[in-house]
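One letter stands for each residue in the lines below.
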Amino acid sequence: MRLALAVLAVISIAALHIALATTLPWPFSALNITMIALVYLLLTRHVALAMTTAFCMGIIMELYALTPFGVLISSLITALIVGSVMASYLVTTISPLGMIAVTFTMVATYRIC
């Protein structure tokens, strides 16, 4: 039952991101729902769950993307590793400012990769 809920959550977050990225106007369409979900998992100290979720979300988003297969998965995993290092060694407490810093770093890494 727990696995089914996790799969449903991954599919719904990826579907929400795909739906909102194409329908909302510019300032809101730039939001990356997957990064926000991954930062939340990362800052609540569920790193293994965040890695698994990033891989599954990457596979789901690859089905809808026109990029070569594996580009989004590698970008998500790279951004998550950078965010994990930043959350483990640089951000000492779970604060809104720390979450914004980790989110900004992960989104920048995701866009660069």
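Residues numbered from 1 in each chain as written. Predicted model: local features only at pLDDT ≥ 70, side-chain atom pairs only at ≥ 80, totals over all residues. Heavy atoms only, no water.

### Remarks on a nonpolar patch on the surface
Together, L24, F28, L31, I36, Y40 and M99 line one region of the surface with nonpolar side chains, adding up to about 560 Å² of accessible area. Within the secondary structure layout, I36 lies in helix α3 (residues 33–43). (Patch = residues over 30% accessible without salt bridge, like charges linked within 9 Å, V, L, I, M, F, W, Y side chains within 5 Å. Areas by Shrake-Rupley, 256 points an atom, 1.4 Å probe, with all protein chains shown as cover. Salt bridge = Lys/Arg side-chain N within 4 Å of Asp/Glu carboxyl O. Helix = DSSP H or I, 4+ residues; strand = E, 2+ residues; numbered from the N terminus.)

### Points about the environment of C113
Mapping C113 onto the fold places it in the segment after α6 (96–112). Counting along the chain gives 30 residues from C113 to G83, while the straight-line C-alpha distance between them is 14 Å. Sequence-distant contacts of C113, that is, excluding residues within four places in its chain, are made with S75 and T78. (Contact = heavy atoms within 4.5 Å.)

### Here we look at the nonpolar core
Counting 24 residues, the largest nonpolar core has L76, L80, V102, M106 and Y110 as its most contacted members. Contributions of two or more residues to this core are made by α1 (2–23), α3, α4 (47–64), α5 (71–89) and α6. Top contributing element to this core by residue count: α3, with seven residues. The residues contacting L76, other than those within four sequence positions of it, are T34, M35, L38, A54, M57, G58, M61 and Y110. (Core = buried A, V, L, I, M, F, W, Y, C linked by side-chain atoms within 4.5 Å. Buried < 20%, exposed > 50% of the residue type's maximum accessible area, 1.4 Å probe, protein only.)

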